[in-house]
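Next come the chains, spelled out residue by residue.
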Amino acid sequence: MTGTPGFIAKRLVQAREARGLTAVALADLVGVTSAAISNYERGKQSPSPEVLEKLAAALSLPHSFFIRPMRPLDMSKIAYRSMSSATKTARARAEARFFWLKEIAIYLAEYLDFPRVNLPTFEVPNDPLHITMGLVEQIAQETREYWNLGDGPIADCVLLLENNGAVVSRGDLSAETLDAFSQWPADDPHPYVFLGADKNSAVRSRFDSLHELGHLILHRNVDPRVFRNKTVHRLIENQCHRYASSFLLPASSFTNELWSPTLNAFLTLKPRWKAAIACMIKRSEELGILDDEMARRMWINLNRRGWRKEEPLDDRLPVERPRLLSRSIVMLVESGIKTKEQILADLALPAHDLESLTGLPNGYFGSDAEMGMPKLKARGGSGRVVSIARGRQS
């Protein structure tokens with residue numbers, strides 16, 4: 001059987017994982033054996049043009065995706081919230097889409113100047129066991145001072161990250177324990193943060209973004225093998241939780257504004273600080289405002305009110321959304337450097353994936369049908385743009 005010239009086996013693996021499919025499930029969709037899928041993915045055999053058409057349709061990707069060369073991108077040392085086996089498939093899906101995100105960012109950086117990386121550098125032990133919570137608290141405060149943020153509420157955490165050189169994306173991660181992840185690649189000057197959109201909570205997403213900032217600042221030089229140790233991984237996560245709460249709710253100003261450590265008081269402060277009530281309870285424990293018994297009763301009362309899963313105002317506070325990549329694409333199009341069709345062709349991704357990863361509104365590129373995306377039949381029949389304008393951070 002004649003194969004497809006230029007077919008890249010790793011692209012098929014990536015596409016399957018990005019869609020959350022097993023090899024068996026994909027084989028069933030396409031109408032071939034799972035052994036055939038295995039041979040395609042291992043590079044032992046190339047699919048015929050007819051089979052490739054079915055693969056493209058089943059995976060909702062253009063044919064060009066499977067022959068687009070893959071950059072040798074650094075995919076090591078990704079900081080995940082959970083390393084449990086329950087999220088293994090979700091991590092594989094996230095990493096495949098994260099690879100696409102990095103390809104998009106690198107492509108856009110060929111035409112645009114992103115904000116320069118401006119994350120502070122501190123003397124932090126390479127061994128997480130030597131990082132104390134006192135040091136974490138100090139570094140969170142010094143990060144605020146480095147960016148001249150004062151001790152008040154942060155207006156927009158995502159914008160803060162983007163303005164200081166991070167590439168941020170937001171999308172569904174399809175796992176209860178996979179809220180967000182981050183990476184500072186060895187082959188890219190820009191750090192990356194991927195925020196989960198599954199729970200669609202503004203306060204939770206803000207905390208997640210600062211948690212990932214904690215990884216970028218505290219754990220950049222930690223040996224990647226350390227992350228695989230469950231005990232140390234738990235410690236690392238707790239350090240980033242502490243960093244996020246310290247950064248979000250500075251000790252002096254938060255304590256001064258908390259007139260009484262009660263659920264009603266926390267609810268009153270929530271729209272100003274844009275922090276979860278649960279986060280404020282934990283912060284009050286960290287600062288000694290609540291002793292163990294007071295905290296225990298507070299958590300019980302939070303649960304009794306039904307606020308564990310969803311708190312008041314969660315449906316009213318707007319979720320912060322990344323804008324760097326979406327503005328980049330709009331700038332390329334509006335400046336006449338690239339058309340929408342050229343961007344889709346260059347990146348070999350369908351409209352819905354590109355819109356999702358960059359934060360563009362649905363339909364910006366037009367429907368995938370209009371762009372010539374394949375559909376599976378039923379069985380049986382130029383120069384650089386100067387820079388990207390920053391948003392305001394107040």
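Before any of the text, the structure's been laid out above.
Values in this document were obtained by computation on a predicted structure and should not be read as measured data.

Undergrad: So what exactly am I meant to see when it comes to the overall build of the chain here?
TA: Across its full length, the chain carries 16 helices and 4 strands. A compact globule built from 394 residues would reach a C-alpha radius of gyration of about 21 Å, and the chain, at 23 Å, matches this within 12%. Considered along the principal axes of its C-alpha atoms, the chain spans approximately 75 × 45 × 40 Å. Each of the 394 residues in the chain was classed as buried or not, and the buried ones make up 51%. Carbon together with sulfur atoms contributes 50% to the accessible area of the chain, which is approximately 18300 Å² in total. Charged side chains of the chain number 51 positive and 46 negative; the gap between the two group centres comes to 3 Å.

Undergrad: How should I be thinking about the packing of helix α6 (residues 133–146) against helix α9 (residues 230–248) in this particular structure?
TA: Helix packing geometry: the angle between the two helix axes and the distance between the axes. Packing of α6 against α9 leaves a shortest axis separation of 8 Å and a crossing angle of 40°. Compared by their axis directions, α6 and α9 come out oblique. In this structure, α6 meets α9 at a crossing whose hand is right-handed. Every residue of α9 that contacts α6 at Met133, Val136, Glu137, Ile139, Ala140, Thr143 and Arg144 is listed here: Asn238, Gln239, Arg242, Tyr243, Ser246, Phe247 and Leu248. Residues belonging to the contact of α6 with α9 are distributed by class as follows: 7 nonpolar, 4 polar and 3 charged.

Undergrad: Is there a simple way to think about the pairing of strand β4 (residues 192–196) in this case?
TA: It is a general feature of regular strands that their side chains alternate between the two faces of the sheet. In terms of burial, β4 is largely enclosed, as 5 of its 5 residues are buried. Side chains of β4 alternate between two faces, with Tyr192, Phe194 and Gly196 and Val193 and Leu195 buried alike. As paired elements, strand β3 (residues 180–183) and β4 share 4 bridges and run antiparallel to each other. Considered in β4, the bridge of glutamine 183 is made with tyrosine 192.

Undergrad: Would you mind showing me how to read the nonpolar core here?
TA: Taken as a class, soluble globular proteins show a tendency for nonpolar side chains to be buried jointly. Ranked by size, the top nonpolar core spans 58 residues in total, and within it Leu55, Phe66 and Phe365 carry the most contacts. The element best represented in this core is helix α5 (residues 88–109), accounting for 10 residues. Apart from the residues lying within four places of it in its own chain, the contact partners of leucine 55 are Leu12, Leu26, Val30, Ile37, Tyr40 and Pro47. The next biggest cluster of nonpolar side chains, apart from the first, holds 53 residues, and it includes Leu119, Leu218, Phe254 and Leu258.

Undergrad: Hey, could you run me through helix α2 (residues 23–30) in this one?
TA: The α-helix advances 3.6 residues per turn, and as a result positions three or four apart in sequence lie on the same side. Of the residues making up α2, those classed as buried are Leu26, Ala27 and Val30. Angular distribution of buried residues about the axis of α2 spans 100°; they occupy a single face of the element. Structural note: α2 exposes Val24 and Asp28 on the side pointing more than 90 degrees away from its buried face. Where α2 is buried, its residues contact α1 (9–18), α3 (34–41) and α4 (49–58).

Undergrad: Looking at this structure, I do not really get the sheet that holds β4. What am I missing?
TA: Remark on secondary structure: sheet strands pair via backbone hydrogen bonds, oriented parallel or antiparallel. Here we have 4 strands laid out as an open sheet, ordered β1-β3-β4-β2, and mixed in their pairing. In this open sheet, the two strands that pair with only one neighbour each are β1 (79–80) and β2 (167–171). Examined bridge by bridge, β1 and β3 share 2 bridges and lie antiparallel to one another. Across the sheet, residue alanine 79 finds its bridge partner in β3, namely serine 182. Sheet strands touched by α5: β1, β2, β3 and β4. Its angle to β4, the strand with the most contacts, is close to 130°.

Undergrad: Is there a simple way to think about the state of the cysteines in this case?
TA: Here a disulfide denotes one covalent bond, and it connects the sulfur atoms of two cysteines. For the coordinates displayed, the defined rule picks out 0 disulfides. Of the cysteine sulfurs around cysteine 240, a residue in no disulfide, the closest is that of cysteine 279, at 14 Å. In this structure cysteine 279 is not part of a disulfide, and its nearest cysteine sulfur, from cysteine 157, lies 10 Å away.

Undergrad: I keep staring at the packing of α2 against α4 and nothing clicks. Help me out?
TA: Across the interface, α2 lies against α4 with an axial gap of 9 Å and an inter-helix angle of 115°. Viewed along their axes, α2 and α4 form a crossing whose handedness is right-handed. Side by side, α2 and α4 meet where Leu26, Leu29 and Val30 of the first sit next to Val51, Lys54, Leu55 and Ala58 of the second. Tallied by class, residues from the contact of α2 with α4 come to 6 nonpolar, no polar and 1 charged.

How each quantity is defined
- Residues numbered from 1 in each chain as written.
- Predicted model: local features only at pLDDT ≥ 70, side-chain atom pairs only at ≥ 80, totals over all residues.
- Heavy atoms only, no water.
- Helix = DSSP H or I, 4+ residues; strand = E, 2+ residues; numbered from the N terminus.
- Rg over C-alpha atoms; globule rule 2.2 N^0.38 Å.
- Buried < 20%, exposed > 50% of the residue type's maximum accessible area, 1.4 Å probe, protein only.
- Areas by Shrake-Rupley, 256 points an atom, 1.4 Å probe, with all protein chains shown as cover.
- Lys, Arg positive; Asp, Glu negative; His and termini not counted.
- Charge placed at Lys NZ, Arg CZ, Asp CG, Glu CD.
- Axes fitted to C-alpha atoms, helices over the stretch in contact; angles between N-to-C directions.
- Parallel < 35°, antiparallel > 145°, perpendicular 65-115°, else oblique.
- Left-handed = near helix turned anticlockwise from the far one by under 90°.
- Contact = heavy atoms within 4.5 Å.
- Nonpolar A, V, L, I, M, F, W, Y, C, P; charged D, E, K, R; others polar.
- Pairing = 2+ DSSP bridges.
- Core = buried A, V, L, I, M, F, W, Y, C linked by side-chain atoms within 4.5 Å.
- Arc of directions from axis to C-beta.
- Disulfide = S-S within 2.5 Å.

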